[in-house]
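Tertiary structure, described
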Amino acid sequence: LCATNGPPDVVRVEDVPAPELTAEGVRVRVASASVNFPDVLLVAGTYQLDVPPPFIPGSEFAGVVTEVGSGVEHVAVGDRVSGACLYGAFAEEVVVPALAVTSLAPGIDDRTAAAFGVAHRTAFHVLRSVARVRPGERLVVLGGGSGVGLAAVQIGQVLGAEVTAIASTDDKRRAALDNGAAHTIDRRAGNVREALRDIHPDGFDVVVDPVGGDLSEAALRSLRWAGRFVTVGYASGEIPRIPLNLVLLKGVHVLGFQFSDFAVHEPDALRANEQELRALFESGRVVPHIGAVYSLDDVADALREVAEGRAVGKVVVDVAPPLTAPPTPRTGR
Ligand SMILES: NC(=O)c1ccc[n+]([C@@H]2O[C@H](COP(=O)([O-])OP(=O)(O)OC[C@H]3O[C@@H](n4cnc5c(N)ncnc54)[C@H](OP(=O)(O)O)[C@@H]3O)[C@@H](O)[C@H]2O)c1
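To start, this report covers the structure provided alongside it. No experiment lies behind these values; they were computed from the predicted model shown. (Residues numbered from 1 in each chain as written. Predicted model: local features only at pLDDT ≥ 70, side-chain atom pairs only at ≥ 80, totals over all residues. Heavy atoms only, no water.)

1. Let's talk about the pattern of salt bridges
Note the following rule: By convention in these notes, a salt bridge is any Lys or Arg side-chain nitrogen within 4 Å of a carboxyl oxygen on Asp or Glu. Per the convention used, a helix needs a DSSP run of H or I reaching at least four residues, while a strand needs a run of E reaching at least two, with both numbered from the N terminus. Only protein chains enter the area calculation, which uses a 1.4 Å probe; residues under 20% of their type maximum are buried, those over 50% are exposed, and those in between are partly exposed.
Counted by the stated rule, this structure contains 21 salt bridges. One salt bridge connects R174 with D171, and the closest N-O pair in it is separated by 3.3 Å. Taken as a pair, R174 and D171 lie in helix α5 (residues 170-178) at a separation of three residues, close to a single helical turn. When its relative accessible area of 47% is taken as the criterion, R174 is described as partly exposed. Its salt-bridge partner being D202, residue R224 comes within 3.8 Å of it at the nearest N-O pair.

2. Quick look at the site of the ligand
Here is the rule: Proximity criterion: a residue is near a molecule or strand once any of its heavy atoms comes within 4 Å of it. We call two N or O atoms a polar contact when they sit within 3.5 Å, provided that within protein one can donate a hydrogen and the other can accept it, with sequence-adjacent residues counted only if both atoms are side-chain atoms. Areas reported here follow the Shrake-Rupley algorithm with a probe of radius 1.4 Å; residue values treat only the protein chains shown as occluding.
Taken together, 24 residues are adjacent to the ligand, and S146, V148, S168, R187 and F259 come closest. Side-chain polar atom of K172 to an oxygen atom of the ligand: 2.9 Å apart, as the coordinates give it. Here the ligand, which alone exposes 910 Å², has 88% of that area covered by the protein. Sorting the residues of the shell around the ligand by element identifies α1 (37-44), α3 (118-130), α4 (147-158) and α11 (299-307) as the ones contributing at least two each.

3. Overview of the sheet that holds strand β11 (residues 253-256)
For clarity, the cut-off: Pairs of strands are assigned from DSSP output, requiring at least two bridges between the strands. Axes here refer to lines fitted to C-alpha atoms; in helices the fit is confined to the stretch in contact. Angles between the N-to-C directions go from 0 to 180 degrees. Contacts between residues were defined by any pair of non-hydrogen atoms, one from each residue, lying within 4.5 Å.
Taking strand neighbours across the sheet as the criterion, the six strands line up as β8-β7-β6-β9-β10-β11 in an open arrangement whose pairing is parallel. The two strands at the open ends of the sheet, each matched to only one other strand, are β8 (183-186) and β11. Sheet twist, expressed as the average angle between the axes of neighbouring strands with direction ignored, equals 20°. Of the strand pairs in this sheet, strand β6 (residues 138-142) and strand β7 (residues 162-167) are connected by five bridges, and their pairing is parallel. Bridge pairing links V140 to T164 in β7. Strands in contact with helix α7 (residues 214-221) are β6, β7, β9 (204-209), β10 (223-231) and β11; relative to β10, the strand with the most contacts, it is inclined by about 150°.

4. As for the side chain of D205
Here D205 is to be found in strand β9. For D205, the side chain forms a polar contact with the side chain of R224, separated by 3.0 Å. In this view, D205 contacts E137, R138, L223, R224, G227 and R228; residues no more than four positions away in its chain are not counted.

5. Focus: the side chain of N273
Along the chain, N273 turns up in helix α10 (residues 267-282). Under the relative-accessibility criterion, N273 is labelled buried at 6%. When neighbours within four sequence positions are excluded, N273 is seen to be in contact with F124, H125, R128, S129 and F262.

6. Digging into the nonpolar core
Using the following cut-off: The criterion is simple. A nonpolar core is a set of buried Ala, Val, Leu, Ile, Met, Phe, Trp, Tyr and Cys residues joined through side-chain atoms within 4.5 Å.
With 43 residues, the main nonpolar core has L127, L139, I155 and V208 as its most contacted residues. Apart from residues lying up to four places away in sequence, L127 is in contact with R132, V133, L139, A152, I155, G156, L159 and V208. Formed by 36 residues, the second largest nonpolar core is a distinct cluster that contains V72, Y294, L296 and L303.

The structure is reproduced here in C-alpha cells:
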C-alpha cells in the first residue's frame, strides 16, 4: 500500500479489504507481477496522471481468474491470464476490466507472463509504427539493458535491425548481447558520440530513447540523413532540449510515443501490432529477460531497484506460489 507519496520505502505490505468486483470486471488471484518505471513515478507522486494515496501500486500481473462480473462473457473462472492496470497489481487479488486481461498459452509460466507487457508492447509499437524500422537498418537503443530498452533490443533484432545498445553496467551490456545486440557501448566510459562514430562512421538510421538527459543529443548526432529519433521516456530525470539546427542539418525526423495516446489515436495499428507481438512471444522468439525476483514482502526493494536504474531486464514480484513451473530458459533470439 502506498499511503503517502514518496520514495519506494513508503510502500508497506498491509491487509486491506479485497477490491470490489464490477459488472464488466474480473477478479484475478495474482501469482506474479512486474515493475515498470511508471510505478515508481506513481508512488513518488510525479507521474503524469495523478493518483492520490492510498493506493496499491503495480501495473502488470499474471494469475488465475477467480470471479467474473455479470456482464463478462469471454473470460471464465479458472482461466490463466496476464493483464495490465494503472495500479493495484502488487496484491493477492486485483480487479480489472475483462478487456484488460489476455489468456495465457499453455507452457508460459507466471513470471514470464507478468514480465511480458508494458515494456515489450511499448518497444514493439515504437519500432513497428513510429520508427517503422526495416530489416538491415542500424538501430541505437538507449537504456538497452533494462525494461523498455532491452525489449527494444530484442524486438529490433527480430525485426531485422542491427542493434547497438547503450547501457551502464557489464550485466546490462551482457544481457543486451544475449538478447540480440550486435554492439554495446558503456555510457559511463566516455564519449558516447565518438563510440557510436567508431561503430558506424556514416551514421545510424533510428534511435529509441527511453532515458533522456545528455545521452539524447549524442545519439541524435549519430543519425545519418533522414534518420528517425523516437523519444519514449526520461528515466534519467532530465527532459533533453535538442538544438533544432541538428534536426535541420540532417533532415532528422523527431518522433514521440505515448502509449495511452497511441491506443486512442491508432486503434487499428495497436491491434495489429499486438497480435504480431503475441505470436512472437508465444513462439518463443521474444521472451522477457528477468533480472531479479522479489517476494511481495520485499516489494519496496523491487521498486527501489528500478528507481535507482539498477534493473537488468525486468524485475518480478512473486505474490503467490507459482501456478506453473518455470520453463527451460529461452534466449530472446
Ligand atoms: N512513452 C510510453 O508510453 C512509455 C511506456 C513505458 C515506459 N515509458 C518510460 O520509459 C522510461 C524507461 O522505463 P523502463 O520501465 O524501461 O525503466 P527501467 O527498466 O528502469 O530502465 C531505465 C534505464 O534508464 C537508465 N537511466 C539513466 N539514468 C537513470 C537514472 N537517473 N535513474 C534511473 N534510470 C536511469 C538506466 O539504464 P543505464 O544505466 O543503462 O543507462 C535504467 O536502467 C521511463 O521514463 C518510463 O516512464 C514510457
